[in-house]
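Report on the structure
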Amino acid sequence: MNAAPPTAAPLRDRLPAVRGSLSALAPLAPLTWFRVGGPAELLFVPKDVDDLRGFLKGLPRDVPVTVLGVGSNVLVRDGGVDGVVIRLAGSFNAIAIEDGGRVRAGAAALDVAVAKRAAQAGLTGLEFLRGIPGTVGGGLRMNAGAYGSEFKDVLIEATAIDRAGAVHVLPVQALGMSYRHSAAPADLIFVEAVFQARPGDPETIQARMAEITEAREATQPVRMRTGGSTFKNPDPDQSGGRKAWQLIDAAGCRGRIEGDAQVSEKHCNFLINRGAATAADLEKLGETVRAEVEKTSGIKLEWEIQRIGQPQGRRGD
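First, a word on scope: everything that follows refers to the structure included in this document. (Residues numbered from 1 in each chain as written. Predicted model: local features only at pLDDT ≥ 70, side-chain atom pairs only at ≥ 80, totals over all residues. Heavy atoms only, no water.)

This part is about helix H2 (residues 49-58). Three or four residues apart is the spacing at which side chains of an α-helix point the same way, because the helix has 3.6 residues per turn. Of all the positions in H2, only Asp51, Leu52, Phe55 and Leu56 are classed as buried. Taken down its axis, H2 places every buried residue within 125 degrees of arc, on the same side. Opposite the buried face of H2, by more than 90 degrees, sit the exposed residues Asp50 and Lys57. Check the buried side of H2 and you find it contacts strand S2 (39-45), strand S5 (81-87), strand S11 (155-161) and strand S13 (189-196). (Buried < 20%, exposed > 50% of the residue type's maximum accessible area, 1.4 Å probe, protein only. Helix = DSSP H or I, 4+ residues; strand = E, 2+ residues; numbered from the N terminus. Arc of directions from axis to C-beta. Contact = heavy atoms within 4.5 Å.)

So, on to unusual backbone geometry. Positioned with a positive phi, Leu25 is a non-glycine residue whose angle comes to about 45 degrees. Among the structural elements, Leu25 can be located in strand S1 (residues 21-27). Even without a glycine there, the phi angle at Tyr147 is positive, about 50 degrees.

Glancing now at helix H3 (residues 111-120). Taken together, the buried positions of H3 are Asp111, Val112, Val114, Ala115, Ala118 and Ala119. Projection of H3 onto a plane perpendicular to its axis shows the buried side chains occupying an angular sector of 160 degrees, all on one side. Residue Gly122 follows H3 closely and has a positive phi angle near 75 degrees.

For the rest of this paragraph, the subject is the packing of aromatic side chains. Under the counting rule described, the total for this entry stands at three aromatic pairs. An angle of 55 degrees between the planes, with centres 5.1 Å apart, marks the rings of Phe231 and Trp303 as tilted. With Phe231 in the loop between strand S15 (225-226) and helix H7 (236-239) and Trp303 in the loop between helix H9 (279-297) and strand S19 (306-308), this pair connects stretches of sequence that are 72 residues apart. We note that Phe231, like Trp303, is buried. (Phe/Tyr/Trp six-rings, centres within 6.5 Å; stacked < 30°, edge-to-face > 60°.)

Should the charged atoms of two oppositely charged side chains come close, the side chains can pair. In the structure shown here, the tally under the stated rule is 20 salt bridges. Note that Asp48 and Arg19 form a salt bridge whose closest N and O atoms lie 2.7 Å from each other. One end of the pair, Asp48, is in the loop between S2 and H2; the other, Arg19, is in the loop between helix H1 (9-13) and S1, and 29 residues separate them in sequence. The exposure class of Asp48 is partly exposed, given its relative accessible area of 23%. With its nearest N and O atoms 3.0 Å apart, the salt bridge here joins Arg307 to Glu283. One end of the pair, Arg307, is in strand S19; the other, Glu283, is in helix H9, and 24 residues separate them in sequence. For Glu283, a relative accessible area of 16% puts it in the buried group. The structure contains a network of salt bridges with shared partners spanning Arg77, Glu283, Glu287, Arg290 and Arg307. (Salt bridge = Lys/Arg side-chain N within 4 Å of Asp/Glu carboxyl O.)

Spatially, four strands are ordered S1-S2-S5-S3 in an open sheet, and the strand pairing comes out mixed. The sheet is open, and its two borders are formed by S1 and strand S3 (65-68), each paired with just one other strand. Taken over all neighbouring pairs, the strand axes of this sheet differ in orientation by 30 degrees on average, direction set aside. Two strands pair when backbone bridges link them, and S2 and S5 are joined in this way by four bridges, in the parallel orientation. When the bridges of S5 are listed, Ala40 appears paired with Val81. Of the strands in this sheet, S2 and S5 touch H2, which is tilted by about 155 degrees from S5. (Pairing = 2+ DSSP bridges. Axes fitted to C-alpha atoms, helices over the stretch in contact; angles between N-to-C directions.)

Counting buried residues in S11 gives five out of seven residues, a clear majority hidden from the surface. Taken together, the six bridges between S11 and S13 define a ladder with antiparallel strand orientation. Bridge pairing links Ile161 to Ile189 in S13. By the bridge criterion, five bridges tie S11 to strand S12 (residues 167-171) in an arrangement that is antiparallel. From the neighbouring strand, Ile161 faces S12, where its bridge partner is Val167. If you look at the hairpin formed by S11 and S12, you'll find five residues sitting between the two strands, and Gly165 has a positive phi there, around 85 degrees.

The next subject is the nonpolar core. Core analysis: the biggest nonpolar cluster contains 34 residues, and Val114, Leu126, Val136, Leu140, Phe151 and Phe195 have the highest contact counts within it. If we skip the residues at most four places from it in the chain, Phe151 touches Asp111, Phe128, Leu129, Ile132, Val136, Gly139, Leu140, Asn143, Ala144, Met177 and Phe195. The next biggest cluster of nonpolar side chains, apart from the first, holds 23 residues, and it includes Leu75, Phe231, Ile248 and Val289. (Core = buried A, V, L, I, M, F, W, Y, C linked by side-chain atoms within 4.5 Å.)

With respect to the helices and strands, the residue Thr159 is situated in strand S11. Every residue in contact with Thr159, bar those within four places of it in the chain, is listed here: Val167, His168, Val169, Ile189, Phe190, Val191 and Glu192.

What follows covers the sheet that holds S11. Across the sheet, five strands lie side by side as S6-S7-S13-S11-S12; this open sheet has antiparallel pairing. The strands lining the two open edges of the sheet, one partner per strand, are strand S6 (95-98) and S12. Put simply, the sheet's adjacent strands are angled 15 degrees from each other on average, direction ignored. Packing of H3 onto the sheet brings it into contact with S6, strand S7 (102-106) and S13, and relative to S6 it is tilted by some 35 degrees.

Here is the structure:
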C-alpha cells in the first residue's frame, strides 16, 4: 500500500513571501494540452520579474523547480510534480515592436501571438511561429521550430533569471542552440526574448500565415487532446531521410491504442488522449512506439515531449 503523499504545508512555510499566487497541491492536468497528470506540490504564478527574482533568491536550494508554460509540449506524470512549479502569465505575456524590426516578447507570450503581432506591424520572418503551439519560453528552452525555421534563426537575445535571482541577458550565440535543443543551464528561467524581423509586404505575410494555419489543420490533430510532435526527427543520415512519423508508420503503429491513449491516425507522430487516458497510458504507448520503431528500423527515437513529475504512487518517495 502506498503511503499518503506528504502535505505541502511544511514546504510552503520555508518559502519567501510573494506578491503573486502560491497554491498547494494545485491541479496541473487542466494546464496541459493532454489534460492528464497529478498536482504540483506548490504552484507559483509570479506577479512580475521582480516577484520572480525575489522568490528565487529566497528559495531554499534543495527545493526543486519546474517551469510550465501552456503545457502544449509537456506530459505531467500521474504522481504529480514535487517542489515548486512556476507558471509565467500576466505581465510575462507582453509583446512590443521596436525600432529596426525588433520584436520583444515575454516568455509567456504565445508563439502564434508573436507571429500575429509582427504581421500586424508589417514585419516578415516570424511567420513560422504561427505553426508552433507553445510559448516563447518553451521555444527558447528547446529551440522550437516549424516549416523550415527555428528560434535560433531569428533570435537576437534572451533574458533569464537564475536560482539566485540574478538577471542574465544572453545573445543567441551563448545559448548553444541546435535541433530541438538549447545548451542553456537547466536552472535558468527565461522571461523574455528579442527577435529580428524585417519589413515585408503585408498581403504576402498574411498569405503565408494562412498557408501555415491551413497546413496544420489539414495534417495535424490540432483539435484533439494532444501534445504536439511526440518524437524528434532522427538524423537524416541515419534514417535515410525518413522523418519520425514515417518510421512510426512503417512500424505499423498508426492508430495503435494503449488504455485510452492512441497514436493519431491523422499524423502518427502525435499521441492523443481520447478522453480518459492517464499519463501512464500515454507514456507507455510512446515507449511501445519507440520499441517498435527500433525493432523495424534500428533507430531509437528521442522524445520531443517533455515528461515531468513522478509516476502514480511514487510522489514523495
